[in-house]
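In case you want the letters, here they are:
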Amino acid sequence: MPKIRTRRGAAKRFRRTATGFKHRKAFRNHILTKMKPKRKRQLRGLQDVSAADVPAIRRLLPQKAR
């Protein structure tokens, strides 16, 4: 039986936590000069993945889902 491969794109985007997964918030890549400092501060850090998306991410990351 073959090994189950991890989807490398998903592995780079999601981090496993004790209770689920976290991901980086959107809109923090480029053209940030027009964005207010408060908005940029709020986009820092990681955010929990929605509970509805967790089963799909578990399929993409079989080794990290345990």
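Each remark here, short or long, concerns the structure printed above.
Just so you know, these numbers come straight off a predicted model, no measurement behind them.

(A) Fine view of the overall build of the protein. Within the protein, the regular secondary structure consists of 3 helices and 3 strands. Element order for the protein, N to C, with α for helix and β for strand: α-β-β-α-β-α. The C-alpha radius of gyration of the protein comes to 15 Å, more than 25% above the 11 Å expected for a compact globule of 66 residues. Projected onto its principal axes, the C-alpha coordinates of the protein cover approximately 55 × 20 × 15 Å. Expressed as a percentage of its 66 residues, the buried residues of the protein come to 21%. Working note: accessible area of the protein is about 5800 Å², and carbon and sulfur atoms make up 53% of it.

(B) How the structure looks around the nonpolar core. In this structure, Ala 10, Ala 11, Phe 14, Phe 21, Val 49, Val 54, Ile 57 and Leu 61 together form the largest nonpolar core, which totals 8 residues. When residues of this core are traced back to their parent elements, those giving at least two are helix H1 (8-13) and helix H3 (54-60).

(C) Molecular detail of the pairing of strand S2 (residues 21-24). Pairing analysis gives 3 bridges linking strand S1 (residues 14-16) to S2, with the strands arranged antiparallel. Residue pairing in the sheet places Arg 15 in a bridge with Lys 22 of S2. Taking the residues that link successive antiparallel strands as the turn, the S1-S2 hairpin has 4 residues. In this sheet, strand S3 (residues 46-48) lies alongside S2 in antiparallel orientation, the contact comprising 3 bridges. Across the sheet, Arg 24 pairs through a bridge with Leu 46, a residue of S3.

Cut-offs and rules
Residues numbered from 1 in each chain as written. Predicted model: local features only at pLDDT ≥ 70, side-chain atom pairs only at ≥ 80, totals over all residues. Heavy atoms only, no water. Helix = DSSP H or I, 4+ residues; strand = E, 2+ residues; numbered from the N terminus. Rg over C-alpha atoms; globule rule 2.2 N^0.38 Å. Buried < 20%, exposed > 50% of the residue type's maximum accessible area, 1.4 Å probe, protein only. Areas by Shrake-Rupley, 256 points an atom, 1.4 Å probe, with all protein chains shown as cover. Core = buried A, V, L, I, M, F, W, Y, C linked by side-chain atoms within 4.5 Å. Pairing = 2+ DSSP bridges.

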